[in-house]
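# Structural description and commentary
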Amino acid sequence: KPAVQEVPKEAPKAPVETVAPRAQTVLLAEDKTAPVSGFTKAMVKAMKLSMTVPHFGYCDEIEMTTLVNLRPALKKSAEAFGVKFSYMPVIIKACSMALLQYPVLNASVDAACENITYKASHNIGIAMDTPNGLVVPNVKQVQNLTVLEVAQELNRLQALGARGQLTAADLAGGTFSLSNIGAIGGTYAKPVIVPPEVAIGAIGRIQKLPRFAADGSVVAAHVMQVSWSADHRVIDGATMARFSNVMKAFLEQPAAMLLQMK
Ligand code: CAO
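Here's a quick rundown of the structure. Treat the numbers as computed from the prediction; the structure is a model and nothing was measured.

Most of strand β9 (residues 199–203) is tucked away, with five of its five residues classed as buried. In β9, alternate side chains face the same way, and those of Ala 199, Gly 201 and Ile 203 on one face and Ile 200 and Ala 202 on the other are all buried. Here strand β8 (residues 176–180) runs beside β9; their pairing, made up of four bridges, is parallel. Residue pairing in the sheet places Ser 179 in a bridge with Ala 202 of β9. In this sheet, strand β11 (residues 218–231) lies alongside β9 in antiparallel orientation, the contact comprising five bridges. Note on β11: the bridge partner recorded for Ile 203 is Val 226.

Right, here's the structure in full:
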């Protein structure tokens, strides 16, 4: 009879906003019209462009249990460097390592979609929820950074984003994007490509769920959904799926990731 195995040690405390802690109740006495401005205006421009791109969607689930159990040690080691360590630095690095195998996903296309440019740098954009709205600064040259350096840079961008002080340089030059919607609480998403990039991934909340182990027993697993969107004019579904498989393998087996990390 299948046995229920022990629950893995640390359950990630996903900050699910069940009661919208920052939201205030607003009761308008009459209709109010306001100009679309700031980051929202930039979002209008970017999304108009994005909607000209045929999006291909692909989802999978990633078993994060090994990484979840490893994170307390990673977090403690990073603290010694004054760095706050979430799952994102490992996810960002795993993407970069998978992009080394599928460089067509770290590319840009021109407006007429006649040329594709394979980008040398892995400048991974991170969708960030800030007091001023959505911004997508990027961690530059991830292919040359350690996971700790990625964490350090993410900390810097998050601190600047919270203060509304991200620079044009922080926001320019992205080559591939990730959106950790799970930081707020969802699982699946339908991310929208940031042109001229050709792919983006949405990360869902890590949840503790029952899964079958190889011997047929039921185990408590930490599961994270990932949802990809790719520009179907230049990326086919098989490429997106193979890339996702590589990234998934790195996250599920951090030891294998460590071996192949430069
Ligand atoms: N599953 C489980 N736990 C998660 C998680 C997830 N998907 N995402 C974050 N957490 C945990 C972190 O590990 C951290 O835990 P500890 O406090 O124990 O260290 C805590 O939640 C806070 O994380 P964080 O949000 O400060 O940091 P992050 O690196 O995980 O994410 C950022 C950074 C900028 C991606 C995130 O804060 C954010 O803004 N996400 C929203 C993105 C968004 O708005 N997307 C929509 C774009 S389209 O409109």
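The subject of this paragraph is the site of the ligand. Close contacts around the ligand come from 24 residues, with Arg 71, Ser 86, Asp 129, Ser 179 and Asn 180 the closest. Arg 71 is positioned such that a nitrogen or oxygen atom in its side chain is 2.9 Å from an oxygen atom of the ligand. Lys 84 is positioned with one of its side-chain polar atoms (N or O) 3.2 Å from an oxygen atom of the ligand. Protein burial of the ligand: of its 970 Å² of free accessible surface, 81% is covered by the chains.

Counting across every chain of the model gives three aromatic pairs. Judged by centre distance (6.0 Å) and plane angle (55°), the ring pair of Phe 176 and Trp 228 falls under tilted. Of this pair, Phe 176 sits in strand β8 while Trp 228 sits in strand β11, and the two are 52 residues apart along the sequence. You can call Phe 176 buried: its relative accessible area is 0%. A centroid spacing of 5.2 Å and a plane angle of 75° characterise the contact between Trp 228 and Phe 243, whose relative ring orientation is edge-to-face. Separated by 15 residues along the polypeptide, Trp 228 in strand β11 and Phe 243 in helix α6 (residues 237–252) bring together distant segments of the chain. The exposure class assigned to Trp 228 is buried, which follows from its relative accessible area of 1%. These aromatic residues form a ring-pair network of at least three members: Phe 176, Trp 228 and Phe 243.

The rules behind each value
Residues numbered from 1 in each chain as written. Predicted model: local features only at pLDDT ≥ 70, side-chain atom pairs only at ≥ 80, totals over all residues. Heavy atoms only, no water. Buried < 20%, exposed > 50% of the residue type's maximum accessible area, 1.4 Å probe, protein only. Helix = DSSP H or I, 4+ residues; strand = E, 2+ residues; numbered from the N terminus. Pairing = 2+ DSSP bridges. Near = heavy atom within 4 Å. Polar contact = N/O pair within 3.5 Å; in protein donor to acceptor, adjacent residues only side chain to side chain. Areas by Shrake-Rupley, 256 points an atom, 1.4 Å probe, with all protein chains shown as cover. Phe/Tyr/Trp six-rings, centres within 6.5 Å; stacked < 30°, edge-to-face > 60°.

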